[in-house]
Amino acid sequence: MARLPSLYLKTLLTLLVSVVLVVITGGWLGSRALERQAIVRLADALERTARVMEPDVLAAFATPPALQGSAETLARRAGCRVTIVNADGIVLGDSEQTATTLPLMDNHRGRPEVADALRGRASWSLRYSTTVRSPMLYLALPLTEAGQVVGVLR
């Protein structure tokens, strides 16, 4: 008769541990799905914002020195970082830089979202920015003139 309570206790503990593991796993999976959904929604909002900025950036593209000022102005209006890159990957404007520090920036041609945009399609990437030392969600939009990609708005 002494074995019955210990068998009951082992079964109860096994069930409790199983339930706790299922709840923790379900919560973790659910939070990851919600996080992914929030990132996709934010990327969509960034793309809509970039498409509104696109005509202004293309108009300023004829005078590359003006692009730094355009990046700063557009960033203030949109409340996000703005980077303008030419087809060679050279940064022509960045709202987190100054005219003095801009030439020191790395070539952006190899950045995943920029590389996709240079191939003609909007793209986003969630990664760490060494420039601003923070995780960032980047959305890159190809800038086209006469069917040719002339740069990227990120």
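A brief structural summary.

**Here we look at the overall build of the protein chain**
Here is step 1 of the chain: Within the protein chain one finds 3 helices and 5 strands.
Here is step 2 of the chain: Counting from the amino terminus, the protein chain carries its helices and strands in the arrangement α-α-β-β-α-β-β-β.
Here is step 3 of the chain: Relative to the compact-globule value of 15 Å for 154 residues, the protein chain shows a C-alpha radius of gyration of 24 Å, a clear excess of over 25%.
Here is step 4 of the chain: Counting the 154 residues in the protein chain, one finds 35% classified as buried.
Here is step 5 of the chain: Taking contacts inside the protein chain between residues at least 6 apart in sequence as the whole, the part at least 24 apart equals 47%.
Here is step 6 of the chain: Carbon and sulfur atoms form 62% of the exposed surface of the protein chain, whose accessible area is close to 9,700 Å².
Here is step 7 of the chain: Considering the protein chain, the positive charge centre built from 17 side chains and the negative charge centre built from 13 side chains are found 12 Å apart.

**Some remarks on the pairing of strand β4 (residues 134–145)**
Here is step 1 of the chain: Here 7 bridges tie strand β3 (residues 123–129) to β4, and the two strands are oriented antiparallel to one another. Residue pairing in the sheet places Tyr128 in a bridge with Pro135 of β4.
Here is step 2 of the chain: Counting the residues between successive antiparallel strands, the hairpin from β3 to β4 contains 4 residues, one of them, Arg133, with a positive phi of roughly 55 degrees.
Here is step 3 of the chain: Direction of pairing for β4 relative to strand β5 (residues 148–153): antiparallel, over a ladder of 5 bridges. Within the sheet, the bridge partner assigned to Thr144 lies in β5 and is Val149.

What counts, and where the lines are drawn
Residues numbered from 1 in each chain as written. Predicted model: local features only at pLDDT ≥ 70, side-chain atom pairs only at ≥ 80, totals over all residues. Heavy atoms only, no water. Helix = DSSP H or I, 4+ residues; strand = E, 2+ residues; numbered from the N terminus. Rg over C-alpha atoms; globule rule 2.2 N^0.38 Å. Buried < 20%, exposed > 50% of the residue type's maximum accessible area, 1.4 Å probe, protein only. Contact = heavy atoms within 4.5 Å. Areas by Shrake-Rupley, 256 points an atom, 1.4 Å probe, with all protein chains shown as cover. Lys, Arg positive; Asp, Glu negative; His and termini not counted. Charge placed at Lys NZ, Arg CZ, Asp CG, Glu CD. Pairing = 2+ DSSP bridges.

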